Amino acid sequence: MILHAGLLAAHVDGAWRGVLIEGPSGSGKSDLALRALDHGFRLVADDRVALWACEGALYGRAPDTLAGLIEVRGLGVLREPALPFCRIALAVACEQHERMPEPAFKDYVGLSIPSLSLQALESSAPAKLRRALQHLGAWPDKAYLDALAVGVSPRPGGDSR
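Source: prediction; values computed, not measured. Sequence positions are assigned chain by chain, starting from 1 and proceeding in written order. Local features in this predicted model are restricted to residues whose pLDDT is 70 or higher, and side-chain atom pairs enter the listing and the counts only when it is 80 or higher, whereas totals over whole chains, interfaces and linings include all residues. Hydrogens and waters are ignored; side-chain quantities use all the structure's heavy atoms.

S.K.: Would you mind going over the overall build of the chain with me for this structure?
M.R.: Check the secondary structure of the chain and you find three helices and eleven strands. Helix and strand labels come from DSSP, where a helix needs a run of H or I of at least four residues and a strand needs a run of E of at least two; each type is numbered from the N terminus. If you list the helices and strands of the chain from N to C, you get β-β-β-α-β-β-β-β-β-β-β-β-α-α. By residue count, 47% of the 161 residues in the chain fall in the buried class. Working rule for contacts: check all heavy atoms of both residues, and any pair within 4.5 Å makes them a contact. Looking at the chain alone, contacts between residues at least 24 apart form 68% of all its contacts between residues at least 6 apart. Here the chain displays about 8,300 Å² of accessible surface, and carbon together with sulfur accounts for 54% of that area. Here the term buried applies to any residue with accessible area under 20% of the maximum for its type, exposed to any over 50%, and partly exposed to those in between, with areas from a 1.4 Å probe on protein chains only. Using the Shrake-Rupley algorithm and a 1.4 Å probe, accessible areas are obtained, with residue cover drawn only from the displayed protein chains.

S.K.: Which parts of the structure should I look at to understand the pairing of strand 2 (residues 6-12)?
M.R.: Moving residue by residue along a regular strand, the side chains alternate between the two faces of the sheet. Counting buried positions over the seven residues of strand 2 gives six, a clear majority of the element. Two strands are counted as paired when DSSP detects at least two bridges linking them. Sheet topology places strand 2 next to strand 3 (residues 15-22); seven bridges connect them, and they run antiparallel. Following the sheet pairing, Val12 is matched in strand 3 by Ala15. The sheet contact formed by strand 2 and strand 4 (residues 42-45) spans three bridges and is antiparallel. Along strand 4, the bridge assignment pairs Ala9 with Arg42.

S.K.: Got a minute to help me understand the packing of helix 1 (residues 29-37) against helix 2 (residues 125-134) in this structure?
M.R.: A pair of packed helices is captured by two measures, namely the crossing angle of their axes and the spacing between those axes. Axis lines are fitted through C-alpha atoms, for helices just across the contact stretch, and the angle between N-to-C directions can take any value from 0 to 180 degrees. Between helix 1 and helix 2, the shortest axis-to-axis distance is 8 Å and the interhelical angle comes to 70°. Here helix 1 is positioned roughly perpendicular relative to helix 2, judged by the angle of their axes. Judged by residue contacts, Leu32, Arg35 and Ala36 of helix 1 engage Ala125, Pro126 and Leu129 from helix 2. Gly counts as polar in this scheme, as do all residues outside two lists: the nonpolar Ala, Val, Leu, Ile, Met, Phe, Trp, Tyr, Cys and Pro, and the charged Asp, Glu, Lys and Arg. Looking at the contact of helix 1 with helix 2 residue by residue, the classes come out as five nonpolar, no polar and one charged. Relative orientations are named as follows: roughly parallel for angles under 35 degrees, roughly antiparallel for angles over 145 degrees, roughly perpendicular for angles from 65 to 115 degrees, and oblique for any other angle.

Don't take any of this as a statement about function, it's just geometry.
Now the structure itself:
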């Protein structure tokens, strides 16, 4: 499945945790991504994300033609160091959000992950992403960490694209 979204990752508690960022054009997805990159996040995919499920977890990567690229409004398409893939722990919708929302979840390729709404242009948005990832709790990471250590993707076929 290819989704119109961005994917960033933060190293939290010894593992890369991905944040899938969705929203309509002009909602601030790329602006949020740039600010998050300046706060220690890593790019995985910009504009399009290939999603797949493996052993009960959701993963994402950039399509080959977009790997390592990010569009910066006003500057064009630029190269950015990127992770080849990551496990997705959180989905974020760039839109108006409630002050104290109830826990929410969103389904992708048959898997459910935590979800929240966020105003992407708020200066605190990158900090909110990191804190949301930190408070999601731990999951079984051994296979994921092992795959990253050897550069193999935990997806069908096992290639590292």
